[in-house]
Amino acid sequence: MGSKNTSKEIVGVIGAGSFGTAVANILAENESQVILYVRDPEKTKTITKERVSSGQKLHENIEVTNNLEEIPSKCEVIFPMVPSANFRDMVIKLAPHLRPYHVLIHGTKGFDLFVPKQQKITSNNPLTREHVKTISEVIKEETSVLRVGCLAGPNLARELDQRKPAATVVASHFDEVIKTGQRLLKNDRFMIYGSRDLIGIELCGILKNIIAVGAGTIAGMDLGENAKSLFISRGLVEMVYIGKALGGNAQAFLGLAGVGDLIATCTSNLSRNFTVGYRLAKGETLNEIIDSMEEVAEGVKTINIVNQLAESYKVRCPITETLYKIIHDEMTIQEAHGYLMNFPFRAEIDFLDAQ
Amino acid sequence: MGRKKVRYSEIVPDKSEWPIVKLSRNRKTFIEEVTNEAYDHFLSNKRGTIREEIEMTIHREKLRMKANPWKVDPPDEKVYWKNVQARLLDINPDDKDRDQQEKEILKEIILRYSEEISGNFKKSAYRFAQSFVTFGFARLLNAARVKGLLSLFSRQLDIDDKLHVIGETEHIRNLAKKGTVVMVPTHFSNLDSILIGWAIHYLGLPPFIYGAGLNLFNIKILAYFMNSLGAYKVDRRKKNPIYLETLKTYSRNAMKRGCHSLFFPGGTRSRSGEIESSLKVGLLSTAIEAQRELYLNADDPDNVRKVFIVPVVINYHFTLEAPSLIKEHLKRTGRERYYVEADEFSTSYKLSTFMFKFFTKGSDISVNVGKGMDILGNYVDDEGNSFDKNGNPINVKDYFLRDKKITFDAQRENEYVRVLAKRVVEEYHKYNRVFASHLVAYTAFKMLERQNPKLDLYHVLRLPDEDLELDYEEFKAKYKKLRTRIEKLHKKGLVDMADHMKERATDSIAHGLANVGLYHDQRPLIKKKDKIIVQDTNTLYYYHNRMNGYGLEKYI
């Protein structure tokens, strides 16, 4: 107990994808002892041997494990960084070992979709927020952990690995979680902002992926920077509307995790979601693209979910709808482009109503 | 009747062992303790300087005394506050011990408030009041229901034929043996306070300390009962930080000493007739604070008396004050309005007339005791152990741990109170027991709305008489449909249902119509031949609101 100052804090990271690895490296560099959980046993062996994960060299303070239980038993603070499709399963396995003293800060940028087997989504029983949860909501549903936070912001993993400067937002209802995130992650090229709007910040990270796919198609069609900027700014408005309908507020979208992340993912071919759109525009099919990608592009799943939610909540979102039609082969990219150019958008900005 | 009568034994037969008795025995030291602690807390949390805080308090107290004086207010209070002001003015700003002098005044105000809040529990009075409620009411009941000369002495009917204490009754008895119970009932009527007091006695629990609105002490009969039931006084007119700190400290420290407590977390009676959807977190937070302090001060943090939150839902066919409550709700003339106390509960006479009516006509009340929870809303078993939704055991201590140490973090606890408040509201909806009277009101009001889709609420409430007739057959069909939905929700454990709801639809509707708003001058809903007639839209709306929050509107 008394040796708190001399012994390093042990921090857990779950998931060795590119962002998980990048976060593990930042933590390790900050004098934390990091345990990185890798799900695949074969991959665990390779990473342990080669000390490289998702193309990034591992810091010496990182220990790799394939034993999920080890994380909660040794670490009070845990960073789960797994795709949204696997998150609930992972957290259910983790739950029996979690206690209310644990702090969980996740970096997953997708929705959890859960429709009980006996239920069918129909027009009488539309998809709602009852079925679609943010990751922090999943954690609170499945575990006894209350001190939950999330990471969101323009954090392209490759750039973080190249030690280029960046910033992120740690959002939580708890100041102590924000402070913990700041303490563990902050260094002289990584700034950490805090926010209490957990749901709003989570929604930013999730919804911007839709726009990123769309921006990719515009780049793929080579329509130029004017068109892309037009698209991004209309995309932001659409994000705000969906976000508000799902329980966020406009403010978050104007910050680092909203506009900030949007610009990064919509303009960089380092972004997976952008790449999906780009390759679609170049004529590949969605299946071909997904099969050839190493990591999940959350945007595709998000487009499907948000398209249905928008119907349930009667939110007009032409961009999501159009992208939905594209990925379901109901519309070609050229048709979609023509459609959006002629879409009667409302006033340029009307969500900042005076309060 | 055929209902099996249950008799609960007292869980702590030795009255000198009751925490509340111990507390009242040490009343003086307890008040001192509260004063000192509230003073320390206040000094470390205050926003302005001591002088500013005192000045603001004087100002607010003066406003209150002028705008809204009550019978119970101490006769010397005008002089008192004038005096405080004079003393504050007398302090020379250049004085070296100026700070000390201001602190003295502060402490004195806190002491005055503690005395004011503190209850005056007496064992003997308690016993008298209890037996008065139990036997007196039983006499009335028998006189009214059982014919014959000797019926006044009949023991055929007891108060529990009229008042049904149901739900997790054995569970709360177990919890009261293991730890400190904090009962948080819904609040619809001033009658709630007496009912709950009786229910606690009926369940064999030792008396609870009781956060009762000071307005109740305006009525002599009630004041007597409240005092003897262990009530402490919550004066909702006083919203100054010094008072609030003192009140919270009183509640917290009583809990820390193991006193079972009771307060209405909704703050005031529900004006709309709706189940509380948001709670006042002030007193609720004292449960969390008490638990944390018990952990902090314990030699062995794994062996600490736990605080249990027990939601309770009281169901009436009829709320005496409904007409004025709903009127007030509809007017909503501003937020900082003072409480009007001129409703049906304002005098002893009106109250006794109601009591008589209540016991002489048939109308049942149920007190539904919910499952116990820890201070974060996790269910606990009979031993008081907490479990999460998946059945994994939880150590409540862990919620206060940071770096393996028990810590105090005010912002964290603010969040915890929100979590707890949300859980209590969820439980209210689960333990809300649907009476046929609620459902007939809901059906009728929703039909009115459907028939006039273009009108907003206020216009629906002002529909002309000729538009206030509903076809009975159509009404019955809708009622049945809604009832099926409620049965489904009931099976899922999302709402409770009275037994009379399970009768044939015609009978269940008849039961509802016979009881809805029974004693109001104007019955909200009656049946005339093949028509259902709405006689009072306001009270109908009030009773209808009880069924809000279950998504029923989709099923009509």
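Residues numbered from 1 in each chain as written. Chains lettered and ligands numbered in written order. Predicted model: local features only at pLDDT ≥ 70, side-chain atom pairs only at ≥ 80, totals over all residues.

Engineer: Tell me about the overall build of chain A, and name the residues and values.
Structural biologist: Scanning chain A from N- to C-terminus turns up 16 helices and 12 strands. In terms of C-alpha radius of gyration, chain A reaches 20 Å, essentially the compact-globule figure of 20 Å for 355 residues. Along the first, second and third principal axes, the C-alpha atoms of chain A reach 65 × 45 × 40 Å. A total of 355 residues make up chain A; the buried ones form 51% of that total. (Helix = DSSP H or I, 4+ residues; strand = E, 2+ residues; numbered from the N terminus. Rg over C-alpha atoms; globule rule 2.2 N^0.38 Å. Buried ≥ 20, exposed ≤ 12 C-beta atoms within 10 Å, placed from the backbone.)

Engineer: Tell me about the pairing of strand β4 (residues 231–234) of chain B, and name the residues and values.
Structural biologist: All names here are of chain B. Alternating residues of β4 divide into Ala231 and Lys233 and Tyr232 and Val234, and every residue in both groups is buried. Note that strand β3 (residues 209–213) and β4 share four bridges and pair parallel. Bridge assignment links Ala212 to a residue of β4, and that residue is Lys233. (Pairing = 2+ DSSP bridges.)

Engineer: With reference to specific residues and values, describe the nonpolar core.
Structural biologist: Side chains of nonpolar character tend, in soluble globular proteins, to be buried together. Val13, Leu27 and Leu36 of chain A are the most contacted members of the largest nonpolar core, which has 109 residues in total. Among the elements that take part in this core, helix α8 (residues 198–220) of chain A stands out by supplying 13 residues, more than any other. Apart from residues lying up to four places away in sequence, Val13 of chain A is in contact with Gly20, Val23, Ala24, Leu27, Val34, Leu36, Tyr37, Phe79 and Met81 of chain A. Of all hydrophobic cores here, the second largest spans 95 residues; its members include Ile110, Ile288, Phe308 and Ile314 of chain B. (Core = buried A, V, L, I, M, F, W, Y, C linked by C-beta atoms within 7 Å. Contact = placed C-beta atoms within 7 Å.)

Engineer: Just give me the short version of the interface of chain B and chain A, but keep the residues and values in it.
Structural biologist: Counting residues at the interface gives 13 residues for chain B, matched by 11 residues for chain A. Sorting elements by how many residues they give to the side of chain B that touches chain A places helix α14 (residues 410–431) of chain B first, with four residues. When grouped by side-chain class, the residues that make up the side of chain B that touches chain A number four nonpolar, three polar and six charged. (Nonpolar A, V, L, I, M, F, W, Y, C, P; charged D, E, K, R; others polar.)

Engineer: Please set out the sheet that holds strand β7 (residues 103–106) of chain A residue by residue, giving values where relevant.
Structural biologist: In a beta sheet, neighbouring strands are held together by backbone hydrogen bonds and run either parallel or antiparallel to one another. Residues and elements named next belong to chain A. Judged by pairing direction, the sheet is mixed, and its eight strands sit side by side in the order β5-β2-β1-β6-β7-β10-β11-β12 without closing on themselves. Strand pairing shows two members of the sheet lacking a second neighbour, β5 (62–65) and β12 (190–195), which therefore form its edges. Taken pair by pair, the neighbouring strands of this sheet meet at an average axis angle of 25°, ignoring direction. Judged from the two bridges that link them, strand β6 (residues 77–80) and β7 form a sheet pairing that is parallel. Paired with Ile78 across the strands is Leu104, a residue of β7. Here helix α1 (residues 18–29) sits on the sheet in contact with β1 (10–14), β2 (33–37), β5, β6 and β12, set at roughly 170° to β1. (Axes fitted to C-alpha atoms, helices over the stretch in contact; angles between N-to-C directions.)

Engineer: Account for the domain arrangement of chain B, with residues named and values stated.
Structural biologist: Residues and elements named next belong to chain B. Entries for chain B in the domain assignment read domain 1 (18–117), domain 2 (119–161), domain 3 (162–427) and domain 4 (433–555). Between the C-alpha centres of domain 3 and domain 4 the distance comes to 29 Å. Counting residues at the interface gives 19 residues for domain 3 and 20 residues for domain 4. The element contributing the most residues to the side of domain 3 that touches domain 4 is helix α12 (residues 322–331), with five residues. Here the residues of the side of domain 3 that touches domain 4 are counted per class, giving seven nonpolar, eight polar and four charged. (Domains from an automatic or database assignment.)

Engineer: Explain the packing of helix α15 (residues 318–327) of chain A against helix α16 (residues 333–341) of chain A to me, using residue names and the numbers behind them.
Structural biologist: Residues and elements named next belong to chain A. As a packed pair, α15 and α16 sit with axes 10 Å apart at the nearest point and diverge in direction by 165°. When the interaxial angle is binned, α15 and α16 end up roughly antiparallel. As α15 packs across α16, the resulting crossing turns out to be right-handed. Contacts from Pro318, Thr322, Lys325 and Ile326 of α15 reach α16 at Ile333, Ala336, Tyr339 and Leu340. Classifying every residue of the contact of α15 with α16 gives six nonpolar, one polar and one charged. (Parallel < 35°, antiparallel > 145°, perpendicular 65-115°, else oblique. Left-handed = near helix turned anticlockwise from the far one by under 90°.)

Engineer: Let's hear about helix α11 (residues 281–297) of chain B: which residues, and what values?
Structural biologist: Residue and element names in this part refer to chain B. A rise of 1.5 Å per residue sets the reference length of α11, with its 17 residues, at 24 Å; its end C-alpha atoms lie 24 Å apart and thus fit the reference within 8%. All of the buried residues in α11 are Leu283, Leu284, Ser285, Thr286, Ala287, Ile288, Glu289, Ala290, Gln291, Arg292 and Leu294. Where the residues of α11 are buried, they touch β2 (180–185), β3, α10 (241–256), β5 (261–263), β6 (307–316) and α14. (Expected span 1.5 Å × (residues − 1).)

Engineer: Outline the UniProt feature "coiled-coil region" (unreviewed entry) in chain B, supporting the account with residue identities and numerical values.
Structural biologist: Here, UniProt's "coiled-coil region" (unreviewed entry) annotation points to residues 465–492 of chain B. The distance separating the terminal C-alpha atoms of residues 465–492 of chain B is 40 Å; by composition the span is 71% helix and 11% strand. (UniProt positions renumbered as here; feature names shortened; annotations may be inferred.)

Engineer: Describe the domain arrangement of chain A, naming the residues involved and giving the relevant values.
Structural biologist: How big an interface is tends to be reported as the loss of accessible area on association of its parts. Residues and elements named next belong to chain A. With domains assigned, chain A is organised as domain 1 (10–196) and domain 2 (205–341). Here domain 1 and domain 2 have C-alpha centroids that lie 24 Å from each other. If you list the elements that add at least two residues to the side of domain 1 that touches domain 2, you get α4 (84–94), α6 (157–161), β11 (166–172) and β12. Taken together, the residues of the side of domain 1 that touches domain 2 sort by class into 13 nonpolar, seven polar and four charged.

Engineer: Which residues make up the sheet that holds β6 of chain B, and what values do they have?
Structural biologist: All names here are of chain B. If you walk across this open sheet you meet the seven strands as β1-β7-β6-β2-β5-β3-β4, and the pairing is mixed. Looking at which strands have only one partner, the edges of the open sheet turn out to be β1 (163–167) and β4. Across this sheet, the average inter-strand angle for adjacent strands is 25°, counted without regard to direction. Here five bridges tie β6 to strand β7 (residues 365–369), and the two strands are oriented antiparallel to one another.

Engineer: Residue-level account of the confidence of the model for chain B, with values.
Structural biologist: Detailed conclusions should not be drawn from predicted coordinates in areas where pLDDT is low. Residues and elements named next belong to chain B. For chain B, the mean per-residue pLDDT works out to 85, and 86% of the residues sit at or above 70. Here residues 333–341 scores under 50 on pLDDT; set against residues more than four positions off or in separate chains, the count is nine contacts. Across the whole predicted complex the pTM is 0.88, and at the interface the ipTM reaches 0.88. (pLDDT = per-residue confidence, 0-100.)

Engineer: So what's going on with the UniProt feature "active site" (unreviewed entry) in chain A? Which residues, and what values?
Structural biologist: Residue and element names in this part refer to chain A. Those residues carrying the UniProt feature "active site" (unreviewed entry) are Lys208 in this numbering. With respect to the helices and strands, the residue Lys208 is situated in helix α8. Using a count of 33 C-beta atoms within 10 Å as the deciding quantity, one classes Lys208 as buried.

Engineer: Hey, could you go over unusual backbone geometry for me, with residue numbers and the actual values?
Structural biologist: Phi at Glu31 of chain A takes a positive value of approximately 75°, unusual for a residue other than glycine. In this structure, Lys529 of chain B is a non-glycine residue whose phi angle is positive, near 50°. Mapped onto the secondary structure, Lys529 of chain B falls in the loop between β15 (525–528) and β16 (531–534). The exposure class of Lys529 of chain B is exposed, given the 6 C-beta atoms found within 10 Å.

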